[in-house]
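Each chain is listed here by its residues.
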Amino acid sequence: MNEAIIDHANAAYQHAEEKAAQYFAVLHEQLKKKTYITSLSEDIRLWKKNHFPRHSWLSIFSKTKKKPSTKEYHRYIQWLDQSGKLENYLHRSVSYMYMRDLGKTLDSPDTQAKITRFVADIKQQLTKPIRNRDEIQPELMSVARLYRWAQKEGIEEEIIWVINKLDAVSSHIPKEMNAEHAQRKLIKIIIGVVLHMKDNMDDNTPALERAKQLGEAIRLGYSYGLTYPFIDDLLDSGALTTEEEEQYSNMIREALLTGVVPDIGEWQGKHNEIIHFIHSELREAFKYIKEYQRPQTERHFFEQSYVFFCAQNIDRVKDLANANYTNEELYIPVILKSSSSRLIVRSVIRAPEDAGFEQRTFYYGIYNQLADDFADMLDDLQEGAVTPYTYYVKYRQQRTDLINPFELYWTVISHIIHHVHHSDTATREVILDRAINSLKRCKERVGAAKYEEIMDIFAVGDSAFHLLIQQMVQQADDVDFFDKLLRDQLVLQLANNRKEKEHFQALIATIRKEIDSILHLCKPSSLPIEDPLFDAANYSLNGDGKRIRPILTWVMGVNEYGLQPAALVPLLRSLEFMHTASLIFDDLPSQDNAATRRGRATLHRVYDSATAELTALFLIQKAIQEQSSLDNFDAATVLKLIQYSARKAEELCRGQSMDLQSKGMRLTLEQMNAICYYKTGVAFEASLVMPAILAKAPEGEVAVLKKFAYHAGIAFQIKDDLLDIEGDMNVLGKPVGQDMENNNSNFVSILGANEARKMMWEHYCLAAEALHELPRNIAFLKHLLHYLVNRLR
């Protein structure tokens, strides 16, 4: 590697280190002289006037309900709104984001105007009325809501891209890492970069330019954010061996020094597959960021990234068993990594130079890092990680020279309020709100006894000031923050989604195995002439089918309506018999003339067309026979189901007929939607409605299920059409490009691939929104919908 490049990078790090050392010296001097105590005591005296609850005899007549737990997200927001606290709650939360993430000063009229608009937008979203009292509260951050926002901003393609990327990342996070926190950090960075980009725009920014910049922000946010789960968290997790860590760290260092991600070469370790995925993603991300830069921002990006990487590496290799680290060695890397991580974002988006921003961000970073390290202290102690807090806990009694990090934390707060933001009232309000909130959250998380034990360890030198802080923690109110609420809810939602997805996959595997076991048709023991129908039917039934329709019926019937699994067996068999029959007809030379189906030769290729036609008819009759044998239900209900089934079979035939008639024709989107509904949506509808009929579900609920099935069916078909041009034959089990070869119109030929993808996600949203109208939260349908648009076959 070029020595000049290394020298330049090391010089940049040394310069940053010197600046951090100067800042630390200033803080240390304030701490030793205890000047922060006088200033903060006065700040708290002024601040607490707005935060000590006032009780009067009138309060017993108040209609405001008791404050719910923040764990009850929707009830908590509703309570804030009803009690008149929501606007202030949002204002301090957004103000903090503008200070921390955007480096703004709160005494700026322009900043206050932006905060006010932002608060109004969030409040409008949070207080939207539910359409009916039975409607399920939407998830905090759902894919459908995200896509709706993308449509509003004209950035659908970028959102589709990042949804697919986030899915891929979540499936490649090593088990040694906390998947939810890794995903949360990545999402947080994406949102942060979008906020930075939005801050550089105004109301006069043209719509097309706004969409372009927001689209770039999403890709840049993902590209930069990827470093958190796949560099910092991965290296901290212990997932890699010592040799792997060294090889991986050297690769990252070389990329930052040369501006080019090196080839991975021969990987010396057991994580070959995941490292190759990570390497590919990081190389793509690195390239995107670099190509986006201008010469001056590129230099700044690489310098700050190198500072961040080196500071992180210095902290990472520290050993808690080493009793000789100096205060400078403990705190200077903290200052460097906490400030550079935010300074990088500015260079990533090519923001104009702003000396005020850089100065405020540099001074501010250690406050946030000390708060985070305090929150993570117990976990860090358990893992043997070195932070100012863990080191002080272990060596405070034998090292009287060690700085108390909790005392330095309050010194930093005083410095930010008075030396960085010049005693600004709004800054004082927000910073103290945040500090007391952090301690309240700690006390709630670890319990009162453990909290007192922690406070005894970190009690600051002045007992009066320490008691004042604890009084605020005990009594102060209205210090909650929206971003903390979002953080907790997002982690909970990601964890729940992971569990639901795992349950969904396990349930599908279990039910599919059960369905496979009930499909075999037993051949009669004696026939006057050899009959191939049973063998042909079993050949088609035994293929590698997804079994989506009977699986869906089982889940709805058993899990949602409480029907007995054994009682549903005839219905499950009938659905798969009917579906398989439709595929046999579909593959015939007179129709689609397909050569393979479900990973092997089509039936007419193995036997002949006549046998295939008879087998399909045979399976249809077997399906009717199965439905008529639903003995555990009353005759009127079974008759209603058979009548419904006959109508759906008729519609399937009409759909196939329309499809055949349309060969060679250029169809309109309306015509394509109609064919799709009859060919695909009808089958999804039947899978949902048939168990509802047997369970005698209300008509309104059945109507919602039909709406869901209609949109899910179209989304499924569009995905099929996309796979027909983009899929892998080995994964699909059938050739790609069949529609083009047969001169058939499909969604891709009508709309083009990009617009077809947008249309698929539109129907995804409509199907997801339909689920909110159901009186129960059917997690299986949510994950089924996600599977339909993300599957590879």
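Just so you know, these numbers come straight off a predicted model, no measurement behind them.

## Thoughts on the overall build of the protein
At step 1: Each helix and strand counted, the protein has 35 helices and 2 strands in total.
At step 2: Overall size of the protein, expressed as C-alpha extent along the three principal axes, is 105 × 75 × 55 Å.
At step 3: Per-residue burial for the protein yields a buried fraction of 53% across its 793 residues.
At step 4: Summarising the internal contacts of the protein: among those between residues at least 6 apart in sequence, 76% fall at separations of at least 24.
At step 5: Taken as a whole, the protein presents about 36,400 Å² of accessible surface, with 52% of it coming from carbon and sulfur.
At step 6: The averaged location of the 109 negative side-chain charges in the protein is 5 Å from the averaged location of its 95 positive side-chain charges.

## Details of unusual backbone geometry
At step 1: Here Arg547, not a glycine, exhibits a phi torsion of approximately 60°, which is positive.
At step 2: Structurally, Arg547 can be placed in the loop between helix H23 (533–541) and helix H24 (548–560).
At step 3: The class of Arg547 is buried, set by a relative accessible area of 4%.
At step 4: Positive phi, close to 55°, is recorded for Lys696, a residue that is not glycine.
At step 5: On the basis of relative accessibility, which here comes to 59%, the residue Lys696 falls in the exposed class.

## Structural notes on the confidence of the model for the protein
At step 1: A residue-level look at the protein finds 94% of positions with pLDDT of 70 or above and a mean pLDDT of 88.
At step 2: Of all secondary-structure elements in the protein, the lowest mean pLDDT belongs to helix H31 (residues 729–732), at 56, while helix H17 (residues 388–395) reaches the highest, 97.
At step 3: Confidence drops under pLDDT 50 across residues 56–63; counting only partners more than four residues distant or on other chains, this segment forms 0 contacts.
At step 4: Contacts from residues 132–136, a stretch scored under 50 in pLDDT, to residues over four places away or in other chains number 10 contacts.

## What to know about the packing of helix H6 (residues 143–153) against helix H7 (residues 156–170)
At step 1: H7 packs onto H6 with a crossing angle of 150° between their chain directions and a minimal axis gap of 8 Å. By the angle between their axes, H6 is roughly antiparallel relative to H7. Residues Val143, Leu146, Tyr147, Trp149, Ala150 and Gln151 of H6 form the contact with H7, whose participating residues are Glu156, Ile159, Ile160 and Ile163.

## Description of the pattern of salt bridges
At step 1: Taken as a whole, this structure holds 53 salt bridges when the rule is applied.
At step 2: The closest approach of N and O atoms between Lys33 and Glu29, which form a salt bridge, is 3.3 Å. Pair noted here: Lys33 and Glu29 are both in helix H1 (residues 3–33), with a separation of 4 residues, about one helical turn.
At step 3: We classify Lys33 as exposed; its relative accessible area is 57%.
At step 4: Across the pair Asp535 and Lys523 runs a salt bridge whose closest N-O atoms are separated by 3.2 Å. Here the residue Asp535 occupies a position in helix H23, and Lys523 occupies one in the loop between helix H22 (482–518) and H23, the gap between them amounting to 12 residues.
At step 5: Residue Asp535 is classed as partly exposed on the basis of its relative accessible area of 36%.
At step 6: You can call Lys523 partly exposed: its relative accessible area is 33%.

## Considerations on helix H20 (residues 448–458)
At step 1: Within the sequence span of H20, burial applies to Tyr451, Ile454, Met455, Ile457 and Phe458. Buried residues along H20 cover an arc of 155° about the axis, so they all sit on one side. H20 presents Ala449 and Asp456 as exposed residues on the side facing more than 90 degrees away from its buried surface.
At step 2: Where H20 is buried, its residues contact helix H15 (355–375), helix H16 (377–383), H17, helix H18 (405–420), helix H19 (425–446) and helix H21 (463–475).

## Here we look at a negative patch on the surface
At step 1: A cluster of acidic residues, Asp372, Asp376, Asp379 and Glu383, forms a negative patch on the protein surface.
At step 2: Tracing the backbone shows Asp372 in helix H15.

## Quick look at helix H3 (residues 73–82)
At step 1: Where H3 is concerned, the buried positions are Tyr73, Tyr76, Ile77, Trp79 and Leu80. Along the axis of H3, the buried residues cluster in a sector spanning 160°; they form a single face.
At step 2: Tucked into the core, H3 has its buried residues touching helix H4 (86–100), helix H5 (109–126) and H22.
At step 3: Downstream of H3 by a residue or two, Gly84 has a phi angle that is positive, lying close to 75°.

## Describing the side chain of Asp483
At step 1: With respect to the secondary-structure elements, Asp483 resides in helix H22.
At step 2: At a separation of 2.7 Å, a polar atom in the side chain of Asp483 contacts the side chain of Arg434.
At step 3: Among all residues touching Asp483, those that are not within four sequence positions of it are Arg100 and Arg434.

## Some remarks on the nonpolar core
At step 1: In this structure, Tyr248 and Trp410 are the most contacted members of the largest nonpolar core, which totals 240 residues.
At step 2: Ignoring sequence-local partners within four residues, the contact set of Trp410 consists of Tyr36, Leu40, Leu432, Ala435, Ile436, Leu439, Phe465 and Ile469.

## A word on the packing of H6 against helix H34 (residues 753–771)
At step 1: In the contact formed by H6 and H34, the axes pass within 9 Å of each other and the chain directions differ by 130°. Between H6 and H34, the crossing angle belongs to the class labelled oblique. Note on packing geometry: the crossing formed by H6 with H34 is left-handed. Mapping the contact onto sequence places Val143, Ala144, Tyr147, Arg148 and Gln151 in H6 and Lys758, Trp761, Glu762, Tyr764, Cys765, Leu766, Ala768 and Glu769 in H34.
At step 2: Looking at side-chain class alone, the contact of H6 with H34 contains 8 nonpolar, 1 polar and 4 charged residues.

Rules of the game
Residues numbered from 1 in each chain as written. Predicted model: local features only at pLDDT ≥ 70, side-chain atom pairs only at ≥ 80, totals over all residues. Heavy atoms only, no water. Helix = DSSP H or I, 4+ residues; strand = E, 2+ residues; numbered from the N terminus. Buried < 20%, exposed > 50% of the residue type's maximum accessible area, 1.4 Å probe, protein only. Contact = heavy atoms within 4.5 Å. Areas by Shrake-Rupley, 256 points an atom, 1.4 Å probe, with all protein chains shown as cover. Lys, Arg positive; Asp, Glu negative; His and termini not counted. Charge placed at Lys NZ, Arg CZ, Asp CG, Glu CD. pLDDT = per-residue confidence, 0-100. Axes fitted to C-alpha atoms, helices over the stretch in contact; angles between N-to-C directions. Parallel < 35°, antiparallel > 145°, perpendicular 65-115°, else oblique. Salt bridge = Lys/Arg side-chain N within 4 Å of Asp/Glu carboxyl O. Arc of directions from axis to C-beta. Patch = residues over 30% accessible without salt bridge, like charges linked within 9 Å, V, L, I, M, F, W, Y side chains within 5 Å. Polar contact = N/O pair within 3.5 Å; in protein donor to acceptor, adjacent residues only side chain to side chain. Core = buried A, V, L, I, M, F, W, Y, C linked by side-chain atoms within 4.5 Å. Left-handed = near helix turned anticlockwise from the far one by under 90°. Nonpolar A, V, L, I, M, F, W, Y, C, P; charged D, E, K, R; others polar.

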